[in-house]
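A closer look at the structure
The chain contents come next:
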Amino acid sequence: MTEHVNISTQNACVDFPIFDAKSRSMKKAFLGKAGGAIGRNSSDVVVVEALKDITMTLKEGDRVGLVGHNGAGKSTLLRLLSGIYEPTRGSASIRGRVAPVFDLGVGMDPEISGYENIIIRGLFLGQTRKQMLAKMEEIADFTELGDYLDMPLRTYSTGMRVRIAMGVVTSIDPEILLLDEGIGAVDAEFMKKARVRLQKLVERSGILVFASHSNEFLAQLCNSAMWIDHGQIRMQGDIEDVVRAYEGDDAAEHVRHVIKEMERENTP
Amino acid sequence: MSASAIESETPDAPAPVSDSQTFRRAFKDLRDGLNQRELWLSLGWQDIKQRYRRSVIGPFWITIATGVQATAIGILYAALLDMPLQEFLPYVTVGLIVWNLINASIIEGSEVFVANEGLIKQLPSALSVHIYRLVWRQMLFFAHNLLIYVIMVVAFGVWRNLSWASLAAIPALGLIVLNALWVSIVFGIFATRYRDIAPILSSLTLLLFVLTPIMWTTQSLEAQGGAVRDRAKIAELNPLFHYLDIVRAPMIGQPQELYHWYIVITITVVGWVVALLALRKYRARVPYWV
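The model shown is predicted, which means the values in this text are computed figures rather than measured ones.

**A look at the overall build of chain B**
- The helix and strand tally for chain B stands at 14 helices and 0 strands.
- Across its three principal axes, chain B shows a C-alpha extent of roughly 85 × 50 × 35 Å.
- Within chain B, buried positions represent 49% of all 290 residues.
- Sequence separation of at least 24 residues holds for 77% of the intrachain contacts in chain B that already meet a minimum separation of 6.

**Observations regarding the pattern of salt bridges**
All names here are of chain A.
- A complete count under the given rule lists 23 salt bridges over all chains for this structure.
- Arginine 129 serves as the salt-bridge partner of glutamate 116, at 3.9 Å between the closest nitrogen and oxygen. One end of the pair, glutamate 116, is in helix H2 (residues 114–124); the other, arginine 129, is in helix H3 (residues 129–143), and 13 residues separate them in sequence.
- Judged by relative accessible area, glutamate 116 falls into the partly exposed class, the value being 25%.

**Section: the interface of chain A and chain B**
- In this assembly, 49 residues from chain A lie in contact with 38 residues from chain B.
- Here chain A packs against chain B, burying approximately 3,700 Å² in sum over the two surfaces, 55% of which is carbon and sulfur.
- Looking only at chain A, the three residues that lose the most surface to chain B are Ile84, Glu86 and Phe124 of chain A, adding up to 19% of its buried area.
- In this structure, the connection of chain A to chain B is made through 3 salt bridges.
- Measuring nitrogen to oxygen at the nearest pair gives 3.0 Å for the salt bridge that ties glutamate 111 of chain A to arginine 53 of chain B.
- Summed over the shared surface of chain A and chain B, the number is 8 residue pairs in polar contact (both at pLDDT 80 or more).
- Among the secondary structure elements, those contributing two or more residues to the side of chain A that touches chain B are strand S1 (6–18), strand S3 (46–59), helix H1 (74–82), strand S5 (89–95), strand S6 (98–101), H2, strand S9 (224–229) and strand S10 (232–237) of chain A.

Parameters at a glance
- Residues numbered from 1 in each chain as written.
- Chains lettered and ligands numbered in written order.
- Predicted model: local features only at pLDDT ≥ 70, side-chain atom pairs only at ≥ 80, totals over all residues.
- Heavy atoms only, no water.
- Helix = DSSP H or I, 4+ residues; strand = E, 2+ residues; numbered from the N terminus.
- Buried < 20%, exposed > 50% of the residue type's maximum accessible area, 1.4 Å probe, protein only.
- Contact = heavy atoms within 4.5 Å.
- Salt bridge = Lys/Arg side-chain N within 4 Å of Asp/Glu carboxyl O.
- Buried area = accessible area lost by both parts, 1.4 Å probe.
- Polar contact = N/O pair within 3.5 Å; in protein donor to acceptor, adjacent residues only side chain to side chain.

What follows is the structure, given as structure tokens:
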């Protein structure tokens, strides 16, 4: 393990240059309900301020849930925290091995077998071929695909692909785990199994940042929450408090219920 | 655990300076990419296997395609330029194989980041992984094409011209690989920002293909004497001529001249300086631009 797994950002901003936007139609910068602020940079290129002045420090044991509107900047924030986007202004330092789970389909080759895809995906996540071969049996077990793993991936259904992706991600030991929503598309029974594995994975990993619209999922995996609005941190704190401010009392009540239920399950 | 898990730093702490635009990070990117060689080695192979999946001959279609092209050009131009076929055909073949390597480095190099948009935006890995994968794939193509060379060496008795000096082709190829790397980095970065560069380059390489002595020889120009002879000098201004010659001359056992090496080495050094500067300044911008 890398010593002192941590993430710290200081006034980090992420501005996307939009080179093909008609600048005339955007004479004035404006703000909408969804999406970041639109402005111009010094060289007169239209920019979208996806994230603005993000200052946060995460250390080992932090499990943060992100809430916010579509386009508020949750996914961009995850990409900032993974090191894909380096801040255009301000700074971000990320220490630790990052495992991002954004799009389960990326890096999958439809023409090669399930086995090969498992190995390639593992390599993408910083594992070696040898490590992946050692985990193969466990992953094959988890995916329940059996001999089907020898078939080319193009013959798989969406659900089967998600199983492979989930199998690989949950088999590695990341220090920083970044989860984006949209891990749906699998049957309920498998999801239950995946959830248990996901929870174990979260326990193993040093830091978790999780963006989801499901408060239930959030309450199950995280121990604090952050509300992202217009590319800024609007509020951070207890899941219940943040959800109350963002969605109202009913949702907060539900979160409290889920947390209580989990506590009951954990204390036999 | 509660809100204390996330804490803002004290406002008066000195703001850490971002190190995105430093040489340290540029070198780190190149090094991290090398460390992930298991990844790009298998991806490069897959790219080739992918293209020829379910075909019986598989990747050897690369060999056949180049062989047919070289033979057609060779026979036609040997007649046009009045050159003996057993000399001219190996010349064209080797020229074409090396040209394919250079051409692909320029054209695919300029698309390397755009083509890998999905991976760049989803997985935090070194940018150089995509560069290494591309150059490795070109090397594999080149290796398949070398088979034609081997056949020519035997069939046309080229082996009679080969000597120890022919081994110079190996460091020459090393230089070409080094150049393919910087070309992909520089063109890749700028073509991602300015999308007109890739189409400009593909037209330009077409032009260079005709201007570079692949289908013709500088000797045949010089042999004509007079004004044409002077024009042969202009061919020397084309840098690709020198790249081609340091590989081709040893491979077909022609006399080698040192000044080609000086020119290529100079361009290599300058190119890498530009590549490192581009990596330092724009490496972090590439995910924003793709």
